[in-house]
Amino acid sequence: MTEDVRVVSASREVQAPAAVIFELIADPVRQREWDGNENLAQAAAGQRAHAVGDVFVMTLTNGADRENHIVEFAEGRRIAWLPSEVGKQPPGHLWRWELEPLDDSRTRVTHTYDWTNLSDEKRLVRARLTTSERLQASVDRLGALAESGE
C-alpha cells in the first residue's frame, strides 16, 4: 500500500498585483468564480477576511454550509482556513493561499491543500481526490479572473 500524499500544492505566475488577487481570495463572495473543485455555491456578502480568528460561511453545491476558520493571515500575502460543519470543530484539513509579488504587476500564486491532521474518516476519500491538478484548476481560474480585471 502506498503512503498518502497529504500535502499537495500548485502555483503559477499571474499578471496582476498581489492586492488584486488577494481580494478575490479573501472575499468569499468571489470564491465561487475561481473554485476549481466546483463545489462552492455561494457566500453572503460582508464576510471578507481580515485576521486570524475570522470565520466565513460558504454554502456548498450540495446545500450544506461550511464555516471556514482563518488560521493564517497576512494582508495581501497569505491566507489559510480550516473548514468545518457549522458549530463543530474543524476536522483538520487546511486550505492555504500564498502570494509572492514579483514586481508591481506580477505575482507568484501558490495554493496548498494540507490534510495531514484530518481526523474525519468520512472526508478521507475526498481528501485523496484533491490532487495538485485540482488545485491548479483553481489557481488557473483565479489567475484568469485577476488578469481580466473583473
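Structure's up top.
About the cut-offs
Residues numbered from 1 in each chain as written. Predicted model: local features only at pLDDT ≥ 70, side-chain atom pairs only at ≥ 80, totals over all residues. Heavy atoms only, no water. Core = buried A, V, L, I, M, F, W, Y, C linked by side-chain atoms within 4.5 Å. Buried < 20%, exposed > 50% of the residue type's maximum accessible area, 1.4 Å probe, protein only. Helix = DSSP H or I, 4+ residues; strand = E, 2+ residues; numbered from the N terminus. Contact = heavy atoms within 4.5 Å. Axes fitted to C-alpha atoms, helices over the stretch in contact; angles between N-to-C directions. Parallel < 35°, antiparallel > 145°, perpendicular 65-115°, else oblique. Left-handed = near helix turned anticlockwise from the far one by under 90°. Nonpolar A, V, L, I, M, F, W, Y, C, P; charged D, E, K, R; others polar. Pairing = 2+ DSSP bridges.

### Re the nonpolar core
In a soluble, globular protein the nonpolar side chains are often hidden away together inside. I21, I25, I79, W81, W97, V109 and L142 are the most contacted members of the largest nonpolar core, which has 35 residues in total. Broken down by element, this core gets its largest block of residues, six residues, from helix α1 (residues 18-26). Not counting residues up to four positions away in its chain, the partners in contact with L142 are I21, L24, I25, W34, W97 and V109.

### Considerations on the packing of α1 against helix α4 (residues 132-148)
Running from amino to carboxyl end, α1 crosses α4 at an angle of 125°, the nearest separation of the two axes being 10 Å. Taken together, the axes of α1 and α4 lie oblique to each other. As for the relative orientation of α1 and α4, their crossing is right-handed in sense. Taking contact as the criterion, the partners of V20, I21, L24 and I25 in α1 are, on α4, L142, L145 and A146. Taken together, the residues that form the contact of α1 with α4 break down as seven nonpolar, no polar and no charged.

### Considering the pairing of strand β5 (residues 78-85)
In this structure, strand β4 (residues 65-74) lies alongside β5, joined through eight bridges in antiparallel fashion. Each residue of the ladder has a partner; that of E72, found in β5, is A80. Turn length for the β4-β5 hairpin, with the two strands adjacent in sequence and antiparallel, is three residues, and the turn residue G76 shows positive phi of about 75°. Sheet topology note: the β5/strand β6 (residues 94-103) ladder contains four bridges and is antiparallel. Paired with R78 across the bridge in β6 is E98.

Such coordinate-based values are descriptive only and should not be taken to indicate function.
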